[in-house]
Amino acid sequence: MNITMVRPYRRYNKCSIGKLLGKCSNMYLIATEANAKIGTAAAVKKGNDALNALKKARIEGWTDATYDQEALLNEIMNERERELVGEGYRLMDLKRWGK
């Protein structure tokens, strides 16, 4: 996964993937969810790596965790709720997940 920081400051937490620009944590979570939904062992490993990279950037002393496909999807749902609170994504997330 090739995600680069545009501005490394917490206030300007933006990333770019190619020409797309958006909140870095949202891009990591989108990539993680896509890999989890693909469901192959390699894709789930990529999803674990992306989620662990995001958590390492946010949580001091974070140690890597390994999730299976279902646990990874549940952790993504929880992480999207925590990371994107108040930004207007929650309703669409719940609709997309059928909750």
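Quick note: structure is the one above.
Just so it is clear, the structure is predicted and the values come from calculations on it, not from any experiment.

Caption draft 1: Structural view of the nonpolar core. In this structure, Tyr28, Leu29, Leu51, Tyr67 and Leu72 are the most contacted members of the largest nonpolar core, which totals 13 residues. Setting aside its immediate chain neighbours within four residues, Tyr67 contacts Val44, Asn48, Leu51, Lys55, Trp62, Leu72 and Glu75.

Caption draft 2: Expanded view of helix α2 (residues 41-58). For α2, spanning 18 residues, the distance from its first C-alpha to its last is 26 Å, which sits close to the expected 26 Å at 1.5 Å a residue. Where α2 is buried, its residues touch α1 (24-38) and α3 (69-83).

Caption draft 3: Just the side chain of Asn26, in detail. One can find Asn26 in helix α1. In this structure, Asn26 is in contact with Arg80, Leu84 and Tyr89, ignoring residues within four places of it in sequence.

Caption draft 4: Here's a closer look at the packing of aromatic side chains. Counted by the stated rule, this structure contains 0 aromatic pairs. Directly above the ring of Tyr89 sits Arg80, whose terminal nitrogen or CZ lies 5.7 Å from the centroid.

Caption draft 5: Layout of the packing of α2 against α3. Running from N to C, α2 and α3 cross one another at 30°; their axes reach a closest spacing of 11 Å. Taken together, the axis directions place α2 and α3 in an arrangement best described as roughly parallel. At the point where α2 passes α3, the crossing takes the left-handed sense. Along the contact surface, α2 presents Val44, Gly47, Asn48, Leu51, Leu54, Lys55 and Arg58, while α3 presents Gln69, Leu72, Glu75, Glu79, Arg82 and Glu83. Grouping the constituent residues of the contact of α2 with α3 by class yields 4 nonpolar, 3 polar and 6 charged.

Caption draft 6: Just the environment of Lys37, in detail. Along the chain, Lys37 falls in helix α1. When its relative accessible area of 45% is taken as the criterion, Lys37 is described as partly exposed. Considered as a pair, Lys37 and Gln69 are 32 residues apart in the sequence and their alpha carbons are 7.7 Å apart. Not counting chain neighbours up to four residues away, the residues in contact with Lys37 comprise Gln69, Leu73 and Trp97.

How each quantity is defined
- Residues numbered from 1 in each chain as written.
- Predicted model: local features only at pLDDT ≥ 70, side-chain atom pairs only at ≥ 80, totals over all residues.
- Heavy atoms only, no water.
- Core = buried A, V, L, I, M, F, W, Y, C linked by side-chain atoms within 4.5 Å.
- Buried < 20%, exposed > 50% of the residue type's maximum accessible area, 1.4 Å probe, protein only.
- Contact = heavy atoms within 4.5 Å.
- Helix = DSSP H or I, 4+ residues; strand = E, 2+ residues; numbered from the N terminus.
- Expected span 1.5 Å × (residues − 1).
- Phe/Tyr/Trp six-rings, centres within 6.5 Å; stacked < 30°, edge-to-face > 60°.
- Lys NZ or Arg CZ within 6 Å of the ring centre and 35° of its normal.
- Axes fitted to C-alpha atoms, helices over the stretch in contact; angles between N-to-C directions.
- Parallel < 35°, antiparallel > 145°, perpendicular 65-115°, else oblique.
- Left-handed = near helix turned anticlockwise from the far one by under 90°.
- Nonpolar A, V, L, I, M, F, W, Y, C, P; charged D, E, K, R; others polar.

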